[in-house]
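# Breakdown of the fold
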Amino acid sequence: MEIVIPRLNHSRAGLRRWLADLRYSARHPLARAGLWACSATAVLVFGVLAVWWPAQREQAALEDKIISTRRAMVQAQQADELLSAYARAHKDVALLEKKLQHAATQAQLVENFAHLARNHGVKIVTQTYEEGRGSGTQPTLSAELTVQGGYPALRDFVRDLSALQTWSEVQ
């Protein structure tokens, strides 16, 4: 038994024979109808592709433009937030330096606490003061207050401690 492997015939005669077979096959009415349907479908596909391709490229370009505009807006917003945070910090540092330079006596501190308590309807039950040195070179005056009042009044009292002329920490 002999196995025959077909070879491609690249000669001109082989090509002519193949074209002749194709022409002969194209004589059948169903083959012609299939060729017309295939060519009409190809024309339709290329027509749709010719309309769709530019529109798709335009949409992709528009989406890229929207993304870059959105990115620029976000960066501008972040830069604005950073600028406002820097301005707030600059203002707060100046206020802090002013508070640290303010040398209040114990009497002034008692008067400031009493005035603040009166404004918010809070009663100072007891208060003790102790002078000492903190971790830095600045002398400190520690005040321990026992206050009495409603929650909103106490909340406002503690919030407004930062409005005093002296540096005050709440623990």
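Going by the structure above, here's the rest.
This text gives an overview of the structure that appears in the document. Every value quoted in this text rests on a predicted model; they were computed, and no experiment measured them.

## Brief notes about the packing of helix α3 (residues 106-120) against helix α4 (residues 151-159)
In the contact formed by α3 and α4, the axes pass within 9 Å of each other and the chain directions differ by 145 degrees. The handedness of the crossing between α3 and α4 is right-handed. Contact residues: F113, L116, A117 and H120 in α3; A153, D156 and F157 in α4.

## Focus: a nonpolar patch on the surface
Side chains of L44, F46, V48, L49, W52 and W53 sit close together on the surface and give an oily, nonpolar patch of about 690 Å² of accessible area. With respect to the secondary-structure elements, W53 resides in helix α2 (residues 29-101).

## Thoughts on the nonpolar core
With eleven residues, the main nonpolar core is built from L109, F113, L116, A117, V122, I124, Y129, A153, F157, L161 and L164. Looking at this core, the elements that each hand over two or more residues are α3, β1 (123-133) and α4. Take this core: its biggest share by element is four residues, from α3. Non-local contacts of L164, meaning those with residues more than four positions away in its chain, are made with K99, N112, F113 and L116.

## Some details on the pattern of salt bridges
Following the criterion strictly, the structure yields four salt bridges and no others. Between D21 and R17 there is a salt bridge; the shortest N-O distance is 3.9 Å. One end of the pair is D21 and the other is R17, both in helix α1 (residues 12-25) and four residues apart, which spans about a single turn. Residue R17 is classed as exposed on the basis of its relative accessible area of 56%. Between R159 and D156 there is a salt bridge, with the nearest N and O atoms lying 3.0 Å from each other. Of this pair, R159 and D156 both sit in helix α4, three residues apart, roughly one helical turn. Through salt bridges with shared partners, a single network forms among R155, D156, R159 and D160.

Reading guide: rules and limits
- Residues numbered from 1 in each chain as written.
- Predicted model: local features only at pLDDT ≥ 70, side-chain atom pairs only at ≥ 80, totals over all residues.
- Heavy atoms only, no water.
- Axes fitted to C-alpha atoms, helices over the stretch in contact; angles between N-to-C directions.
- Helix = DSSP H or I, 4+ residues; strand = E, 2+ residues; numbered from the N terminus.
- Left-handed = near helix turned anticlockwise from the far one by under 90°.
- Contact = heavy atoms within 4.5 Å.
- Patch = residues over 30% accessible without salt bridge, like charges linked within 9 Å, V, L, I, M, F, W, Y side chains within 5 Å.
- Areas by Shrake-Rupley, 256 points an atom, 1.4 Å probe, with all protein chains shown as cover.
- Salt bridge = Lys/Arg side-chain N within 4 Å of Asp/Glu carboxyl O.
- Core = buried A, V, L, I, M, F, W, Y, C linked by side-chain atoms within 4.5 Å.
- Buried < 20%, exposed > 50% of the residue type's maximum accessible area, 1.4 Å probe, protein only.

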